[in-house]
Amino acid sequence: MKVLYFTSQTCAPCKTLKPIAVEVSSETGIPIEFIDVAQNMTLAQSYRVTSVPTLIAVSNGQVKWRHTGLASKQSLKHYFSIK
């Protein structure tokens, strides 16, 4: 499983959430791929991302969970534990 983190350079909530997501990724061993929606519109559209930050967990080509907006470290740990 890996987490796709859809972000934007001008998104303040994205900048707030990023270090929390990186920390949870480090603690759980689940990798994060950061995707700038302005540079990867096609990928963002394929995952129907309409707002950032959006985190989407993908495993074997299937979406396991998705979260849009800010989240606490505890909430992200919960999401990252969903297989």
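Please read these numbers as outputs of a predicted model, since none were measured by experiment.

Could you give an account of unusual backbone geometry, with specific residues and numbers?
Note that the residue after V52, namely P53, is joined by a cis bond; omega there is 0°. Structurally, P53 can be placed in the loop between α2 (41–46) and β3 (54–59). With a phi close to 55°, R48 is a non-glycine residue in the positive phi region. Phi angles above zero are rare outside glycine, and N60 is one such case at about 50°. Note that N60 resides in the loop between β3 and β4 (62–68).

Would you mind going over the state of the cysteines in detail, with residue names and values included?
The tally for this structure, following the rule as stated, stands at one disulfide. Residue C11 pairs covalently with C14 via a disulfide, S to S 2.3 Å. Between C11 and C14, the disulfide has an S-S torsion of 80° and is therefore right-handed. Each member of the pair, C11 together with C14, is buried.

For helix α1 (residues 12–28), give the residues involved together with the corresponding values.
When the terminal C-alpha atoms of α1 are compared, their 25 Å separation across 17 residues agrees well with the 24 Å that a helix rising 1.5 Å per residue should span. Along α1, the sharpest kink reaches roughly 30°, centred on K18 and followed within four residues by the proline P19. What α1 keeps buried is the set C14, L17, A21, V24 and S25. Its buried side turned inward, α1 meets β1 (2–7), β2 (32–36), β3 and α3 (73–81). Where α1 ends, the next residue or the one after it, G29, has phi of about 80°, a positive value.

Kindly report on the pattern of salt bridges, identifying the contributing residues and their values.
Here the structure, examined in full by the defined rule, presents four salt bridges. Of the charged contacts in the structure, one is a salt bridge between K2 and E33, with a shortest N-O distance of 2.9 Å. Pair noted here: K2 is in strand β1 and E33 is in strand β2, with a separation of 31 residues, a long-range link. Two residues, K73 and E23, come together in a salt bridge whose shortest N-O distance is 2.6 Å. Here the residue K73 occupies a position in helix α3, and E23 occupies one in helix α1, the gap between them amounting to 50 residues. Taking relative accessible area as the criterion, E23 reaches 38% and is therefore assigned partly exposed.

Outline the packing of α1 against α3, supporting the account with residue identities and numerical values.
Their axes nearest at 10 Å, the elements α1 and α3 cross at an angle of 45°. One element, α1, and the other, α3, form an angle in the oblique class. α1 and α3 meet at a crossing whose hand is right-handed. In contact with L17, I20, A21, E23, V24, S25, E27 and T28 of α1, α3 contributes K73, L76, K77 and F80. In terms of residue class, the contact of α1 with α3 is built from six nonpolar, two polar and four charged.

What counts as what
- Residues numbered from 1 in each chain as written.
- Predicted model: local features only at pLDDT ≥ 70, side-chain atom pairs only at ≥ 80, totals over all residues.
- Heavy atoms only, no water.
- Helix = DSSP H or I, 4+ residues; strand = E, 2+ residues; numbered from the N terminus.
- Disulfide = S-S within 2.5 Å.
- Buried < 20%, exposed > 50% of the residue type's maximum accessible area, 1.4 Å probe, protein only.
- Expected span 1.5 Å × (residues − 1).
- Bend = angle between axes of the 7 residues up to and from the residue.
- Contact = heavy atoms within 4.5 Å.
- Salt bridge = Lys/Arg side-chain N within 4 Å of Asp/Glu carboxyl O.
- Axes fitted to C-alpha atoms, helices over the stretch in contact; angles between N-to-C directions.
- Parallel < 35°, antiparallel > 145°, perpendicular 65-115°, else oblique.
- Left-handed = near helix turned anticlockwise from the far one by under 90°.
- Nonpolar A, V, L, I, M, F, W, Y, C, P; charged D, E, K, R; others polar.

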